[in-house]
Amino acid sequence: MSDIITALKDILDSGGVLTGVDVTSRVAGWAEGACEALAVVRPRNTSEVSEVMKLCNQYNQSVVTEGGKTGMVRGCIASPGDIALSLERMNTIEELDTANGTATVQAGVPLQLVQEAAEAARFCYPMDLGARGSATIGGTISTNAGGNRVIRYGMTRGLVLGLEVVMADGTIVSSMNKMIKNNAGYDLKQLFIGSEGTLGIVTRAVLKLSPALNSQQTALVALERFEQVISLLQHCQRELGGQLCAFEVMWNSYFQLVTGDEAHQKKAPMDRNYPFYVLIESAGADQDKDTEAFEYALNGALEEGLICDAVLSKSHAERNALWEIRDNIEALFTLYPFYGFDISLPLDRMAQYLADIEQTLSATWPTQRHVVFGHLGDGNLHIVVTTGSEHVAEKHRVEDVVYSALETYGGSISAEHGIGLEKKNYLHHSRSTEELALMRLLKTTLDPKNLLNPGKLLDITVPNGQ
């Protein structure tokens, strides 16, 4: 192993290769212990990533790519035999093209910096999530991140126009396209978006920006029944059209946890005993007209009996206070130890699915507790379950309950967090045998030695001699 470390030091600068305590002093992931990688390499550009991968291919050395290490499925965890390839020094916003509405960035740029640069140019990069300050563009691309605005702008997959990728053998595939329409053969970038670093290393990207909007309207509403939640979503889509940005639903179990008088809770702006709460947000070009349309939509929902209480924000501070309730993830840690799930389902099957798993969870663990919330506008639910135990066998039993029921209802084990190590053994609940076979074919074709993020997403057997 010392030979490859020496060779890596020959091609990178003095800070480009970390070993020993410089490795173990780094965290492996957001909820992990110390990094255990053989070494951490920190290239500054695509060419250096290419040289690193040429060496690793020569030495049959496995590589795990790191971004902001905020992933939820342990997809960036490096074992003691792996090289961790960190993109932290590839953090340049190369260009903001206001004529074409694009940003060209290196993969290690934090999401929030791209958002702020776009805002300064009177644009918006709409992909948004709670870890915006540390999550990197490369990480959001590798997991096809979703976040709070998917209902309007779509997943990351729809926001990437071009990519530059380094393959397992060091080959650079550069397709830094700026055009929305480009039907010249296969759309190769889609192979790498959402592939969790298993097919290639994303080093640069062209991102699609949207014009900055001048108005924003936010409200928290309460409802009695889940059927009303679906009807309210459809009502808002009709009345607000393309202006609807967020439709975040909190079940009472979650609302009770995150609001109240405890130190970890936020102040509730309405009664805490309604079965459902929805955070609705729209944005447009004219504050006065858009506010009028927003209030008209809510009044219509009230008249139709869809909602029974509502609070509208009248300032940026009030808007932030409403979002702090939805984003009060800190409160979840009062349930520790807990198991978190990120799933998606057709809207009309959610209520029955939740009823089924709640019945099984309660029958198996009478003292269990679980909370539910999510980006319901795009069919994404987050479920957090605590049984009072953190034993691995217990965790797997809970996973079996949550994931196995998804097959019946046509759901997915991962809406936006990816597969990584955490969900790999349950992928068959969401993908057919034929789909899994094609995934393995892609992996073995593009990475025949299984060097890139091995053991994540799929288990691959490398033939002897490779």
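Worth saying up front: this structure is predicted, and the values here are computed from it rather than measured. (Residues numbered from 1 in each chain as written. Predicted model: local features only at pLDDT ≥ 70, side-chain atom pairs only at ≥ 80, totals over all residues. Heavy atoms only, no water.)

Visitor: Can you help me understand the overall build of the protein chain in this one?
Guide: Tallying secondary structure elements over the protein chain gives 14 helices and 18 strands in all. Classification of the 466 residues of the protein chain by burial places 51% in the buried group. Expressed as a percentage of contacts within the protein chain between residues at least 6 apart in sequence, the contacts between residues at least 24 apart total 71%. For the protein chain, the accessible area works out to roughly 20400 Å², and carbon and sulfur atoms hold 50% of it. Each charge class in the protein chain can be summarised by its mean position, and for the 38 positive and 57 negative side chains these summaries are 4 Å apart. (Helix = DSSP H or I, 4+ residues; strand = E, 2+ residues; numbered from the N terminus. Buried < 20%, exposed > 50% of the residue type's maximum accessible area, 1.4 Å probe, protein only. Contact = heavy atoms within 4.5 Å. Areas by Shrake-Rupley, 256 points an atom, 1.4 Å probe, with all protein chains shown as cover. Lys, Arg positive; Asp, Glu negative; His and termini not counted. Charge placed at Lys NZ, Arg CZ, Asp CG, Glu CD.)

Visitor: I'm lost on the sheet that holds strand β2 (residues 39–41) in this one. Help?
Guide: Hydrogen bonds between backbone groups are what pair the strands of a sheet, and the pairing can be parallel or antiparallel. Reading across from one edge, β1-β2-β4-β3 is the order of the four strands in this open sheet, with mixed pairing throughout. Of all strands in the sheet, those bounded by a partner on one side alone are β1 (17–18) and β3 (63–66). Judged from the three bridges that link them, β2 and strand β4 (residues 83–86) form a sheet pairing that is parallel. What sits directly across from Ala39, in β4, is Ile83. (Pairing = 2+ DSSP bridges.)

Visitor: Got a minute to help me understand the packing of aromatic side chains in this structure?
Guide: How two aromatic rings sit relative to each other is set out by the distance from centre to centre and by the angle between their planes. Throughout the structure, instances matching the rule amount to 11 aromatic pairs. Three or more aromatic residues joined by ring pairs make a cluster, and in this case those are Phe226, Trp251 and Phe276. (Phe/Tyr/Trp six-rings, centres within 6.5 Å; stacked < 30°, edge-to-face > 60°.)

Visitor: Can you help me understand the pattern of salt bridges in this one?
Guide: Pairing between side chains becomes possible if they bear opposite charge and their charged atoms approach one another. Tallying each qualifying case throughout the model produces 25 salt bridges. Of the charged contacts in the structure, one is a salt bridge between Glu227 and Arg225, with a shortest N-O distance of 3.2 Å. By relative accessible area, which is 49% here, Glu227 ends up partly exposed. Across the pair Arg326 and Asp327 runs a salt bridge, and its minimum N-O distance is 3.6 Å. We classify Asp327 as partly exposed; its relative accessible area is 32%. One network of salt bridges, with partners in common, ties together Asp13, Arg44 and Arg89. (Salt bridge = Lys/Arg side-chain N within 4 Å of Asp/Glu carboxyl O.)

Visitor: Teacher, can you tell me more about the layout of surface pockets here?
Guide: The method is simple in principle: a probe with the dimensions of a water molecule rolls over the atoms, and the space it marks as empty is what remains. Approximately 1200 Å³ is the volume attributed to the second largest pocket. Forming the walls of the second largest pocket are 38 residues, and the residues nearest its centre are Arg149, Gln216, Glu281, His316 and Arg319. Considered class by class, the residues forming the lining of the second largest pocket number 13 nonpolar, 15 polar and 10 charged. (1 Å grid on protein atoms, 1.4 Å probe; cavity = no way out; pocket = protein on both sides within 12 Å on 5 of 7 lines; lining within 4 Å. Points joined across faces, edges and corners; volume = space filled by probe spheres on them. Nonpolar A, V, L, I, M, F, W, Y, C, P; charged D, E, K, R; others polar.)

Visitor: Is there a simple way to think about helix α10 (residues 287–303) in this case?
Guide: At 3.6 residues per turn, the α-helix brings residues three or four places apart onto the same side. Here α10 spans 24 Å end to end across 17 residues, near enough to the 24 Å set by a 1.5 Å rise per residue. Of the surrounding secondary structure, the elements contacted by the buried residues of α10 are β12 (215–223), α8 (226–240), β14 (276–284) and β15 (309–312). Put simply, Asp286 is the residue that caps the front of α10, since its side-chain oxygen is 3.2 Å from the backbone nitrogen of Asp288. Looking one or two residues past α10, Gly305 carries a phi angle of roughly 80 degrees, positive in sign. (Expected span 1.5 Å × (residues − 1). Polar contact = N/O pair within 3.5 Å; in protein donor to acceptor, adjacent residues only side chain to side chain.)

Visitor: How do you make sense of empty space enclosed by the protein when you look at a structure like this?
Guide: Under the counting rule described, the total for this entry stands at one cavity of 30 Å³ or more. Volume-wise, the largest cavity comes out at about 50 Å³. Those elements that place two or more of their residues in the lining of the largest cavity are β8 (160–166), β9 (172–175) and α7 (189–192). Of the residues in the lining of the largest cavity, the class split is five nonpolar, one polar and one charged.

Visitor: Is there a simple way to think about the packing of α8 against α10 in this case?
Guide: Helices that pack against each other are described as a pair by the angle of their axes relative to one another and the distance between those axes. One can describe the packing of α8 onto α10 by two numbers: an axis separation of 10 Å at closest approach and a directional angle of 145 degrees. Both α8 and α10 take part in a crossing whose hand is right-handed. The segment α8 lies against α10, with Leu232, His235, Glu239 and Leu240 engaging Ala293, Phe294, Tyr296, Ala297, Gly300 and Ala301. Residues of the contact of α8 with α10, tallied by class, amount to seven nonpolar, two polar and one charged. (Axes fitted to C-alpha atoms, helices over the stretch in contact; angles between N-to-C directions. Left-handed = near helix turned anticlockwise from the far one by under 90°.)

Visitor: Where do I start with the sheet that holds strand β17 (residues 369–374) in this structure?
Guide: The strand order β15-β12-β14-β13-β17-β18-β16 describes an open sheet built from seven strands, whose pairing is antiparallel. Bordering the open sheet on either side are β15 and β16 (339–344), each of which pairs with just one other strand. Each strand of the sheet is rotated relative to its neighbour by a mean of 15 degrees, with strand direction disregarded. Where strand β13 (residues 244–251) meets β14, seven bridges bridge the pair, whose relative direction is antiparallel. Following the sheet pairing, Val249 is matched in β14 by Val278. This element, helix α12 (residues 350–364), spans β13, β16, β17 and β18 (380–386) of the sheet and lies at about 10 degrees to β18.

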